[in-house]
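If you want the building blocks of each chain, they are given just below.
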Amino acid sequence: MNVLVIGANGHTGRLVLKELKNSTQHFSKAMIRKSEQTKDMEELGARPIVADLEQDFSYALENVNAVIFAAGSGSKTGEDKTIAIDQEGAKKAVDYAKEKGIERFIMLSSMGADQPENAPEGMGVYLNAKHDADVHLKESGLNYTIVRPGALTHDEAKGKIIAQSSIEDKSGDIPRADVAKVLVESLTAPETNHKVIEILSGETPVEEALKKL
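Note that the structure is predicted; figures quoted are calculated from it, not measured.

Q: Explain the overall build of the protein to me, please; I cannot follow it from the model alone.
A: Check the secondary structure of the protein and you find six helices and eleven strands. On C-alpha atoms alone, the protein measures out to a radius of gyration of 16 Å, which is about the 17 Å that the 2.2 N^0.38 rule sets for 213 residues. Across its three principal axes, the protein shows a C-alpha extent of roughly 40 × 40 × 35 Å. Here the protein holds 213 residues, and 48% of them are scored as buried. One finds the centroid of the 26 positive side-chain charges in the protein at a distance of 4 Å from the centroid of its 34 negative side-chain charges.

Q: Looking at this structure, I do not really get the packing of aromatic side chains. What am I missing?
A: Aromatic ring pairs are described here by two measures, namely the spacing of the ring centres and the angle between the planes. Applying the stated criterion across every chain, the model contains one aromatic pair. For the ring pair phenylalanine 57 and tyrosine 96, a centre distance of 4.8 Å and an interplane angle of 85 degrees mean the geometry is edge-to-face. A residue pair is termed long-range when its members are at least 10 positions apart, and phenylalanine 57 in the loop between β3 (46-50) and β4 (66-69) and tyrosine 96 in helix α3 (residues 79-99) qualify at 39 residues.

Q: What exactly am I supposed to notice about the packing of α3 against helix α4 (residues 124-138) here?
A: When two helices pack together, their arrangement is given by the angle between the helix axes and by the axis-to-axis distance. Remark: α3 packs on α4, axes separated minimally by 9 Å, with the N-to-C direction vectors making an angle of 10 degrees. Relative to α4, the element α3 lies roughly parallel. Touching Glu79, Thr82, Ile83, Asp86, Gln87, Ala90, Lys91, Val94 and Asp95 of α3 are Val125, Tyr126, Asn128, Ala129, Lys130, Asp132, Ala133, His136 and Leu137, all from α4.

Q: Would you mind showing me how to read helix α5 (residues 176-186) here?
A: In an α-helix, one turn spans 3.6 residues; hence positions three or four apart end up facing the same way. With ten of eleven residues buried, α5 is to be regarded as a mostly interior element. Three or more residues of α5 are buried, namely Arg176, Ala177, Asp178, Val179, Ala180, Lys181, Val182, Leu183, Val184 and Ser186.

Q: Before we go on, may I ask you to explain the nonpolar core in this structure?
A: A general tendency of soluble globular proteins is for nonpolar side chains to be buried together. Grouped together as the largest cluster of nonpolar side chains are 31 residues, with contacts concentrated most on Leu17 and Ile199. Residues contacting leucine 17, with those up to four places away along its chain left out, are Val5, Ala8, Ser28, Ala30, Met41, Leu44 and Ala46. With 27 residues, the next largest nonpolar core counts Met31, Val64, Ala90 and Tyr96 among its residues.

Q: Before we go on, may I ask you to explain the sheet that holds strand β10 (residues 195-201) in this structure?
A: In any sheet, the strands associate via hydrogen bonds between backbone groups, in a parallel or an antiparallel arrangement. Strand order across the open sheet formed by nine strands is β3-β2-β1-β4-β5-β6-β10-β8-β11, with mixed pairing between neighbours. The strands lining the two open edges of the sheet, one partner per strand, are β3 and β11 (204-205). Bridging between strand β8 (residues 160-164) and β11 involves two bridges; their strand directions are antiparallel. Bridging across to β11, lysine 160 finds its partner in proline 205. The sheet strands contacting α3 are β1 (2-6), β4 and β5 (104-108), and the helix crosses β5 at an angle near 175 degrees.

Q: How do you make sense of the environment of valine 94 when you look at a structure like this?
A: Here valine 94 is to be found in helix α3. On the basis of relative accessible area, valine 94 is assigned to the buried category, the value being 0%. In this structure, the C-alpha to C-alpha distance between valine 94 and glutamate 185, residues 91 residues apart in sequence, is 20 Å. Each residue touching valine 94, except ones within four places of it in the same chain, is listed here: Phe105, Met107, His136, Leu137, Ser140 and Leu142.

Q: Is there a simple way to think about the layout of surface pockets in this case?
A: To find leftover empty space, a probe the size of one water molecule is rolled over the atoms. By volume, the largest pocket amounts to about 1400 Å³. Along the walls of the largest pocket sit 44 residues, with Ala71, Gly72, Ser73, Gly74 and Ser75 positioned nearest its centre. Of all the secondary structure elements, the ones that give two or more residues to the lining of the largest pocket are α1 (11-21), β2 (27-32), α3, α4 and β7 (151-153). The leading source of residues in the lining of the largest pocket is α3, at five residues.

Thresholds applied
Residues numbered from 1 in each chain as written. Predicted model: local features only at pLDDT ≥ 70, side-chain atom pairs only at ≥ 80, totals over all residues. Heavy atoms only, no water. Helix = DSSP H or I, 4+ residues; strand = E, 2+ residues; numbered from the N terminus. Rg over C-alpha atoms; globule rule 2.2 N^0.38 Å. Buried < 20%, exposed > 50% of the residue type's maximum accessible area, 1.4 Å probe, protein only. Lys, Arg positive; Asp, Glu negative; His and termini not counted. Charge placed at Lys NZ, Arg CZ, Asp CG, Glu CD. Phe/Tyr/Trp six-rings, centres within 6.5 Å; stacked < 30°, edge-to-face > 60°. Axes fitted to C-alpha atoms, helices over the stretch in contact; angles between N-to-C directions. Parallel < 35°, antiparallel > 145°, perpendicular 65-115°, else oblique. Contact = heavy atoms within 4.5 Å. Core = buried A, V, L, I, M, F, W, Y, C linked by side-chain atoms within 4.5 Å. Pairing = 2+ DSSP bridges. 1 Å grid on protein atoms, 1.4 Å probe; cavity = no way out; pocket = protein on both sides within 12 Å on 5 of 7 lines; lining within 4 Å. Points joined across faces, edges and corners; volume = space filled by probe spheres on them.

These values are about where atoms sit, not about what they do.
In structure tokens form, the structure reads like this:
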């Protein structure tokens, strides 16, 4: 697949590009906000394209047949940026994908996005934004997968996860590298089509865990 990674310069986005580079099935296109990030994207095996989630970025979805949305405003920005990027940016990406007949759309969401009203203090706006973006994708008619990891770490990949529509004990965590692998594997795993998946570190290899969904 020709895959556009939105949020390619983020921590998880870069790991997604590494996964795509190591795959024989995919070519990657990296959506970045600053031209000075171009060289890094090329070194990760991707064709960079400069675009802004807060502007018209529909041209970034030309000549691709799958999208991985891994963008986020980050913890250092205010509520306005969270809404602009995590919510409205994601919804625009879904709309553009629908207009252009994109085959697959993989959304990086978050545990808790299904019940944002129960969000911990300080997380309400973020989880509401993720919730609205997820609902928009589910209602779009696109072939989607929504991936909701628990707490993210920068640990080395473990390669083993638990993946379910709803994990009862959500207290664990998961390395970003394993999240990236789940996002890329979901592109071609039919068991993930039209599903919302919660993931944490576990005992089952990623590919096997996804096949059991």
